[in-house]
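Tertiary structure, described
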Amino acid sequence: MPDGSGHMQPYLDQALEGASNLVGSGVDWIDALRRAGADAYGTHGLPKRRDEYWRYTNLNALADEEFRLANGAPAIGLPSLPHKLVAELATYRVVVVNGRLRPDLCALDGLPDDVLVSGLEDLMAAAPARLEPYLGKIIRLDEMPMAALNTAFLRDGMAMFVGDRVVLDKPVHLISITAPGDRPLMVQPRHLVVLGKNASATLIETHITAEGGSSFNNIVAELHMDDGAKLNHFVFQEEAETSVHLSGTAVAMGADTTYDSFVLQSGGAIGRSEIHAYLNGTGGDCRLDGVYLASDKQVVDNTTFVEHAAPGCRSRQVYKGVLDGQSRGVFQGKVHVLRDAQQTDGHQLSRALLLSPRAEIDARPELEIYADDVKCSHGATAGELDDDSLFYLLSRGIPREDARRMLIEAFLSEAIAEIPLEQVAEDFTTHVRQWLANNVGSARGQD
Amino acid sequence: MALLEIKNLHATVDDKPILNGLDLTIGGGEVHAIMGPNGSGKSTLSYVLSGRDGYEVTGGEVLFDGKNLLEMEADERAREGVFLAFQYPVEIPGVTSITFLRTAVNAVRQHHGESPFDAMDFVKYIREKAAGLNVSDDMLKRAVNTGFSGGEKKRMEILQMAALDPKLAILDETDSGLDIDALKVVAEGVNAMRSDERGLLVITHYQRLLDYIVPDHVHVLAKGRIVKSGGKELAHELEESGYAEFLEDAA
């Protein structure tokens, strides 16, 4: 609704209406946090093309259509997952449907001592003090307006605490299902992960959409890593083409932490993965990688912000994408090196393959450096398949479409090969192959 | 019927005429060498025969086993039995050599109605071919030509030729970038493939390669045409006299 300043703030009303009835209401800090979210979103409004980090991803769809907040989790069963090996992997399973924990679908038996995996709302009711030092502490509401909106709706999702020195024996698999009905559905899941000193864990996220109408999934995850902690984080974003998927992740990294993230995005009418990593202690090592696949009129956005606040940290980013049809890819990556962050080693690279003359990539790698003893680089490439390589394969009798698929897969496999968990790497590869089989067909030879 | 018949072939690259009425006939079991100065059209001929995009045929015809070669796409020509050993083999990171070889060999096998190799059978098949060429399992596991030395790349080309078993092999400046020992290995690999059915077209600037792959016929290419043909002794004459007389004659 317009407030006179030209801002549109759709969904703010829905957040304010519901807030007083939520768990945690009456707890001062929770009230204050929800209010801060509503205020920040209200001030900023729905992101517009004027906003520096929303220049290429247009959210008008969210203003044109009114999505209604999901009313509880429908009683759907666990659907078959699109990735076979990860589905068969021994994991601790957390299932969230329409932003609400579904305890009956979770599998959390045998969690080690000093590890808690729970619904956020349950914990907010039972032990809010446990959440207070962490929840809402690292999301910069003024820099992430959609995360601010999520904060205004703050209610449920996954909360995970891993105690000091605990090495979690199995990955945690967070399965997020959006189950729209026949009217446009909105979900606002909120996840919190806290790793103690020298704790180590693997988190796999799967985002899928059940059959139904359009949906808007606005997710926020906050990851706190105490000194020496290690987190491997893999994300499959495979929502339906009727979905707007916006994900905002903030990770606070203590000294000598390692955060290794890999995001595969191929779903959604709009799919955005925004990751803010704060290297707050010396010796932190942050790796943000991703692969994306888009066709038709999809928009796939990878936006990263890496802040080197402490000396001697390393960050690496490699994003690779394949764009077909009239799809658009967006890479916006900023490495921000503060004055004290000497001996920073920061690199970022965006590479896109354009399979169609109407596909587009907007790449904006950015370095902002205030320290004087740093090693930083960035780069972006975009182009078509290499003619020499294609002819080489053709000249060996490999049919043109097979040759194109081989070269595209090869282009992506260099990134996927870096994934340290074999089942994830294989499932990503399988997914890429299926996508290529569906999208790189014999009718499209244009090279 | 000849294996390959090139009649009055004209071709352009970027609208610039490169081949200007080239005639050449190669029979099964014959080894022909084409020699010529830089810019005479040697590499263009190899690309026109193998069907590379951007090489436009503006006149003439090419029959391969009696079929119109120029109507076929590059991949189809390869499956029909035309093989080009590249002067500069292409590096393809992300595709292992063994996968590449198996995909190619199976494409050719299926084209001829044979069943494709499974992974295990293919390893046996390719190891046998690789042994004589000093291509190690390690090379087969690495990405295609990626980080290979000049010698390794050329050995891999010949391995591909052996694996694909073409009717006609075109060797484009196969000696470039090779020292004498590497050249001998490659030449032995090529000679091992000489047979009564297979035709070889060896394109080279220097006579050196022809000491090891001895041709039945030698042709001089200048300004896009064959200007002189002879036996293997012609290569030695050229080594003595150079190409200057042909450049003048053809002008």
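Think of each chain on its own: its residues are numbered from 1, step by step along the sequence as written. Ligands are numbered from 1 and chains lettered from A, in the order in which they are written. In keeping with the model being predicted, local features are shown solely for residues with a pLDDT of at least 70 and side-chain atom pairs are shown and tallied solely at 80 or more, while totals for entire chains, interfaces and linings include all residues. Note that the side-chain values use all heavy atoms of the structure and ignore hydrogens as well as water.

We now examine the overall build of chain B. What counts as a helix is a DSSP run of H or I of at least four residues, what counts as a strand is a run of E of at least two, and both are numbered from the N terminus. On a plain count of helices and strands, chain B comes out with ten helices and twelve strands. Principal axes of the C-alpha set define a box for chain B whose edges measure 55 × 40 × 35 Å. Burial status follows relative accessibility: with a 1.4 Å probe on protein chains alone, a residue under 20% of its type maximum counts as buried, one over 50% as exposed, and anything between as partly exposed. Every one of the 251 residues in chain B was classed for burial, and the buried ones make up 53%. By definition in these notes, contact holds between two residues if any of their heavy atoms fall within 4.5 Å. Once local pairs closer than 6 in sequence are excluded, the contacts in chain B between residues at least 24 apart make up 69%.

All names here are of chain B. Lines fitted to C-alpha atoms define the axes, with helix axes restricted to the stretch in contact, and inter-axis angles between N-to-C directions lie between 0 and 180 degrees. Direction vectors running N to C along helix 3 (residues 97-111) and helix 4 (residues 119-131) enclose 100 degrees, while the axes themselves pass 11 Å from each other. Our classification of the angle between helix 3 and helix 4 gives roughly perpendicular. Every residue of helix 4 that contacts helix 3 at Ile98, Leu101, Arg102 and Val105 is listed here: Ala119, Phe122, Val123, Tyr125 and Ile126. Residues belonging to the contact of helix 3 with helix 4 are distributed by class as follows: eight nonpolar, no polar and one charged. Geometric relationships in this document are graded by angle, where less than 35 degrees denotes roughly parallel, more than 145 denotes roughly antiparallel, 65 to 115 denotes roughly perpendicular, and other angles denote oblique. Gly counts as polar in this scheme, as do all residues outside two lists: the nonpolar Ala, Val, Leu, Ile, Met, Phe, Trp, Tyr, Cys and Pro, and the charged Asp, Glu, Lys and Arg.

All names here are of chain B. Pairing is mixed in the open sheet, where six strands are placed in the order 6-9-10-3-11-12. Strands with a single pairing partner mark the edges of an open sheet, and in this sheet they are strand 6 (82-85) and strand 12 (225-230). Pairs of neighbouring strands in the sheet enclose a mean axial angle of 20 degrees, with direction left out of account. Relative to strand 10 (residues 199-204), strand 3 (residues 31-35) is paired through five bridges, and the arrangement is parallel. For isoleucine 34, the partnering residue across the bridge sits in strand 10 and is isoleucine 203. On top of the sheet, helix 1 (residues 42-50) reaches strand 3, strand 6, strand 9 (168-172), strand 10 and strand 11 (217-222); it is set at about 145 degrees to strand 10, its chief contact. A pair of strands counts as paired when DSSP detects no fewer than two bridges linking them.

Moving on, we come to empty space enclosed by the protein. Residue and element names in this part refer to chain A. Cavity and pocket criteria rest on a 1 Å grid covering protein atoms alone: a 1.4 Å probe that fits but cannot get out defines a cavity, protein on both sides within 12 Å along at least 5 of 7 lines defines an open pocket, and an atom within 4 Å of a point defines a lining residue. Grid points are joined across faces, edges and corners, and a volume is the space filled by probe spheres set on the points. In total, this model carries six cavities of 30 Å³ or more according to the counting rule given. In terms of lining, the largest cavity is formed by 14 residues, of which the most central are Val235, Ser247, Thr249, Val263 and Ser273. Looking at the lining of the largest cavity, the elements with two or more residues in it are strand 9 (200-209), strand 11 (230-238), strand 12 (243-253), strand 13 (258-265) and strand 14 (270-279). Counting residues per element, the lining of the largest cavity draws most heavily on strand 13, at four residues. The residue makeup of the lining of the largest cavity, split by class, is four nonpolar, nine polar and one charged. Here the second largest cavity is characterised by a volume of approximately 80 Å³. Considering the residues around the second largest cavity, the lining is formed by 13 residues, among which Met146, Ala147, Ser247, Gly248 and Glu274 are closest to the centre. Listing elements by their share of the lining of the second largest cavity, those giving two or more residues are helix 7 (145-152), strand 10 (215-225), strand 12 and strand 14.

As a further point, take the domain arrangement of chain A. All names here are of chain A. Bear in mind that the domain bounds are from an automatic or database domain assignment. Annotation of chain A at the domain level lists domain 1 (12-281) and domain 2 (394-442). For domain 1 and domain 2, the distance between their C-alpha centres works out to 30 Å. The interface is formed by 16 residues belonging to domain 1 together with eleven residues belonging to domain 2. Note on definitions: buried area is the accessible-area loss of two parts on being combined, 1.4 Å probe, summed for both. For the pairing of domain 1 and domain 2, the buried interface totals around 1200 Å² over both sides, and the portion due to carbon and sulfur atoms is 79%. Contact with domain 2 buries surface across domain 1, with Leu85, Phe234 and Phe262 losing the most and accounting together for 44% of the total. Salt bridges are defined by distance alone: a side-chain nitrogen of Lys or Arg within 4 Å of a carboxyl oxygen of Asp or Glu. For the pair domain 1 and domain 2, the interface holds zero salt bridges. In protein, a polar contact requires one atom able to donate a hydrogen and another able to accept it; more generally it is a pair of N or O atoms within 3.5 Å, and residues adjacent in sequence count only if both atoms are side-chain atoms. At the boundary of domain 1 and domain 2, one finds four residue pairs in polar contact (both at pLDDT 80 or more). Those elements that place two or more of their residues in the side of domain 1 that touches domain 2 are helix 4 (84-88), strand 9, strand 11 and strand 13.

All names here are of chain A. Two rings from Phe, Tyr or Trp (for Trp, the six-membered ring) form a pair when their centres are within 6.5 Å of each other. A pair whose planes differ by under 30 degrees is stacked, one over 60 is edge-to-face, and the rest are tilted. Tallied over the full model, the rule gives 15 aromatic pairs over all chains. Each ring, one from tyrosine 11 and one from phenylalanine 216, has its centre 5.7 Å from the other, and the planes form 50 degrees; the classification is tilted. Highlighted residues: tyrosine 11 in the segment before helix 1 (12-19) and phenylalanine 216 in strand 10, separated in sequence by 205 residues. Residue classification places phenylalanine 216 among the buried residues on the basis of a relative accessible area of 0%. Both rings, one in phenylalanine 67 and one in phenylalanine 216, keep their centres 5.9 Å apart while their planes meet at 65 degrees; by these two values the pair is edge-to-face. Taken together, the residues span a long stretch of sequence, with phenylalanine 67 in the loop between helix 3 (60-64) and strand 1 (68-69) and phenylalanine 216 in strand 10 at a distance of 149 residues.

Topologically, phenylalanine 428 of chain A is positioned in helix 10 (residues 422-439). Placed 17 residues apart in sequence, phenylalanine 428 of chain A and phenylalanine 411 of chain A show a C-alpha to C-alpha distance of 13 Å.

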